[in-house]
Every structure is written in C-alpha cells, then in structure tokens.
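Coordinate inspection notes
Residue strings, one per chain:
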Amino acid sequence: MRRVVAALTGLALLVAAWWVKGRTPDDYDHRYAPLATEGRIGAPVRAGGFVVRVDRVTAARSATPDGDQVVRPDGVFVIVAVSAQSRRAPLLLTTALLRTRDGYVYRDTVKNVIANDGDPVEMATLVPGVWTHGSFVFEVPPSKLAGATFVVSDRAANEKDPPKDFPAFGFELTAEADVPLGLTEAGARRLVANAPERATIRGAGT
Amino acid sequence: MSAEPSEAPEVGRPSAEPSEEPGAGRPSPEEPEAGRPGGGRRNAWTAAALAVVLPVAVGLPLWQQLRYYDRHRYHEAVTTVPAGGGAVLNHASWRLLDLRRTSTGVRMRFRMTPLDKDGTSTLEDLFEVRDERGRRWQFDRDPLLDMVEVGRPVTVSVGGPVPADVADRVFPVVRYAPLKQAPGPVPVLRFRR
C-alpha cells in the first residue's frame, strides 16, 4: 500500500513539474518581461508608480516648435498627446515607443525634442496629484500604423543597442502602460490622409 | 579454462539456503523498513537530521539574500523635528521657519547653519514635502545657495507645485542625498508644522 502511495505521489510531482515547466517561458526576455498594464485611449492607465492617459492621437507631415524651425519625418509624424502623473514619488516617463502589429519598435527620436515647443513630456518631472500634459512624437512609416500600440514606462531608456542575440537590458519586470491606438487599416489610412502639412507641438506643462 | 561451476562454495557469496541461525539472515525485500530491528530508530535519526539540515540549506542562502537586499534597498532614518525645534543633517543645523501656501503649491523657508566645512553646501540636500499617504513632492533649491560660511545662518527658501487638496496637510522634509550613497539608512529630517 505504501509503495502505491509513493508511486502515485511521485507521479503527481512529475505531472506538476511538467505543468510548471510548460508554463514557464524559456527565454530570458519573456520570463522577465515588463509588467504591462493595458489600457485604452481616454482612460487613465495605472502602471507601477505612474498614471498615464492618452488623450488623442494625431498625425502630421512636419512639425514645428516655433513656426520657423521645421522638422520633417521619415514617414509620418504620429503625435500621441498624453496626460500623466506619478502615484507616489517624482519620476520621469523616460521610455516611450510605438510597437507595431508585426513587432517593430519605433522609439521617439531627437526630432521629438526639436519638435516640442519647450521640454517634451519625457523630460518633465511628474509629481503626485498634478496632471502634466504633453506629447510624444514618433516618426513611423504609414504602412506600420494599423494595429500599433503606444508603450510608455518610467524605466531608463536603452541608449545603446544590446549585444547580438541579447535582449535589451534594463527592462526586467518594469512597469509599463500599453495603449493600443485602435487604428484599423482604413483608420490608419484616414489618419495619414487627413494629416496636416504642419503641426505645432506644445511642450509639457501642468 | 573450464566453464563448469566449482563445487566449493565461493567466499562472500550468500548461501541460497536459509540460515539456521535466528536473526542472522537478511530481511526480505518485501519487509517494510520500519519493521526491521532498529529501522524505526534509523528513520527517526534521518528525520532529525533533515529537520536540521533542510532549514539551514534553504534558509541560510535566503537569509543572506534578504540581508543583502536589506542593506542595499532604500530606507530612511527619520528624525522628527518638533515644531519650532532644530536638528542636524549633513554637518548643518536645520530649523523650519515657515511653510505657506502659494497659488500653485507651497513654499517653505529653513534656517540653515553650517556646523563645519562639510556643511557649507546644500548640493547634497533634497527638499520635499510629503503627505500622510507617503506621496512626495520634490522642490528645486536656490542654486545660488552654495558655499556659505561656517557658523553663519542662512535662509533657504524652496517651493513648488502641490495639489490644492493636500497643501495644508503636507509636512516639510530635508533629505541627505549624496551622489554616491553608502549602503545603510538615509538620514532624513521631518519637520512638524
């Protein structure tokens, strides 16, 4: 009888190990993936130490901070206007990107800094209880817009490319907010077709 | 070489015949372990050894990791300063003069007196207000207030935006925040209003 119980226990442990192993991601970047909170446009998303709300998404064929200096994108400028605040301590939304349906990532570039009239929102210190408003500016090929998701986090931006076959470092289990832009193929075409020739982008402010 | 088995019994090979001597034979493999003479005692010793070894083997590395985490995590050594009182932080004496509301937040003034040469700069001091929920608002200090004289009191005025609904309930904090922080608690002064 005791042998039967031992055999059954061993079998149960084997099955449990097999179950756990089957549900544990093998690769590093999946196992330690950011802790993403998904939201939608217009609704506040609480992620880790910050709250962000995507107010609207527009596009432009060029942008200017002051009417004189004009910045032109490779593709089209996608301007994600957000309101954000921290939940506990001062922080910066230092990482922002657009993730396309097929896995491409478009980070905000130096054109984001130039295009903003004032500090872009990732340079603004967020504090609790006070909404800071501003825009992230991405340059994206129009064909990649459909199904894209806006991703924002207070983790440090990766300044350097990671070594070959090695995931970007510094992302492990960090909080991020993922907000799908809700663009279908037709919606993306409409957004680009209606994009104004020039947009004036205000810097971050409260 | 002959393949015939030898008739002489081999040394060390157990005899196929059961022994006549009581207790001299090996127990049958079917016989339960605890049923052997002395088996129960052996199990007890094994259990006792496991009870000692397992907690040490599992607990010691965990304890070491927790100790490492505790040494390196951010934690504060808070000194609560009574209203009107003073306290020492980063080689300087600090006293809260006042805290008042502004149109967008609060502004507070401190009286700082450097006690020695290391206390003549506020570069490594951070000024905050906090509420009872632990939320923090950090303010920039006056950049001109560097390298004051030892023993000579100066007024430090800092302020910034705070939500209107908490402006009357926040309390001022001065925090020592050097560029290179040694492991251990961070000294913090928390002023009562």
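Since the model is a prediction, treat every value here as computed from it, not as a measurement. (Residues numbered from 1 in each chain as written. Chains lettered and ligands numbered in written order. Predicted model: local features only at pLDDT ≥ 70, side-chain atom pairs only at ≥ 80, totals over all residues.)

As for the overall build of chain B
The secondary structure content of chain B amounts to 1 helix and 9 strands. Reading the helices (α) and strands (β) of chain B from amino to carboxyl end gives α-β-β-β-β-β-β-β-β-β. Out of the 193 residues in chain B, the part that is buried amounts to 18%. (Helix = DSSP H or I, 4+ residues; strand = E, 2+ residues; numbered from the N terminus. Buried ≥ 20, exposed ≤ 12 C-beta atoms within 10 Å, placed from the backbone.)

Considerations on helix H1 (residues 2-23) of chain A
Residues lying three or four places apart along an α-helix face the same way, a consequence of the helix completing one turn every 3.6 residues. Helix length check: H1(A) (22 residues) gives 32 Å between terminal C-alpha atoms against 32 Å at 1.5 Å per residue, within 8%. Among the 22 residues of H1(A), 0 are classified as buried, and the element is accordingly described as predominantly exposed. (Expected span 1.5 Å × (residues − 1).)

Description of the pairing of strand S5 (residues 76-86) of chain A
Residue and element names in this part refer to chain A. Extensive coverage of S5 is indicated by the burial of 8 of its 11 residues. Where strand S3 (residues 50-60) and S5 come together, 10 bridges link them in antiparallel fashion. Within the sheet, the bridge partner assigned to arginine 56 lies in S5 and is alanine 81. As defined by bridge partners, S5 adjoins strand S9 (residues 132-140) across 9 bridges and the pair is classed as antiparallel. Pairing of valine 78 across the sheet is with phenylalanine 138, part of S9. (Pairing = 2+ DSSP bridges.)

Structural notes on the sheet that holds strand S10 (residues 149-153) of chain A
Residues and elements named next belong to chain A. Reading across from one edge, S1-S11-S10-S6-S7 is the order of the 5 strands in this open sheet, with mixed pairing throughout. The outermost strands of the open sheet, each flanked by one partner alone, are strand S1 (35-38) and strand S7 (105-107). The average angle at which neighbouring strand axes cross in this sheet is 25°, direction not considered. One ladder, built from 5 bridges, connects S10 with strand S11 (residues 175-180); its direction is antiparallel. Considered in S11, the bridge of phenylalanine 150 is made with valine 179. (Axes fitted to C-alpha atoms, helices over the stretch in contact; angles between N-to-C directions.)

A closer look at the pairing of S10(A)
For strand S6 (residues 95-99) of chain A and S10(A), the ladder comprises 5 bridges, and the chain directions are antiparallel. In the strand pairing of S10(A), Leu97(A) is matched with Val151(A).

Concerning the interface of chain A and chain B
Interfaces are frequently sized by the accessible area removed from exposure as the parts join. On the side of chain B, 8 residues touch chain A, which itself brings 8 residues to the contact. Residue composition of the side of chain A that touches chain B, by class: 5 nonpolar, 2 polar and 1 charged. (Contact = placed C-beta atoms within 7 Å. Nonpolar A, V, L, I, M, F, W, Y, C, P; charged D, E, K, R; others polar.)

Notes on the environment of Phe139(B)
Residue and element names in this part refer to chain B. Tracing the chain through its elements places phenylalanine 139 in strand S6 (residues 136-139). When the 21 C-beta atoms within 10 Å are taken as the criterion, phenylalanine 139 is described as buried. Each C-alpha atom, one on phenylalanine 139 and one on leucine 96, is 15 Å from the other, the two residues being 43 residues apart in sequence. Non-local contacts of phenylalanine 139, meaning those with residues more than four positions away in its chain, are made with Phe127, Glu128, Val158, Gly159 and Gly160.

So, the confidence of the model for chain B
Residues and elements named next belong to chain B. Residues at a pLDDT of 70 or more form 77% of chain B, whose mean pLDDT is 82. This stretch, residues 1-20, has a pLDDT under 50; its non-local contacts, to residues over four places away or in other chains, come to 3 contacts. Reported confidence for the predicted complex is 0.75 by ipTM and 0.76 by pTM. (pLDDT = per-residue confidence, 0-100.)

Some words on unusual backbone geometry
A positive phi angle, close to 55°, is found at Leu173(A), a residue other than glycine. By the secondary structure assignment, Leu173(A) is in the loop between S10 and S11. At His91(B), a residue that is not glycine, the phi angle is positive and equals roughly 65°. As for its placement among the helices and strands, His91(B) is situated in the loop between strand S2 (86-89) and strand S3 (92-101).

Quick look at the domain arrangement of chain A
You can read the domains of chain A as domain 1 (1-27) and domain 2 (32-202). When each unit is reduced to the centre of its C-alpha atoms, the spacing between domain 1 of chain A and domain 2 of chain A is 45 Å. (Domains from an automatic or database assignment.)

Focus: the sheet that holds strand S1 (residues 76-81) of chain B
All names here are of chain B. In spatial order, the strands read S1-S9-S8-S5-S6; together these 5 strands make up an open sheet with mixed pairing. The strands lining the two open edges of the sheet, one partner per strand, are S1 and S6. When the angles between neighbouring strand axes are averaged without regard to direction, this sheet yields 30°. Note that S1 and strand S9 (residues 186-191) share 6 bridges and pair parallel. The residue bridging alanine 77 from the neighbouring strand is proline 187, located in S9.

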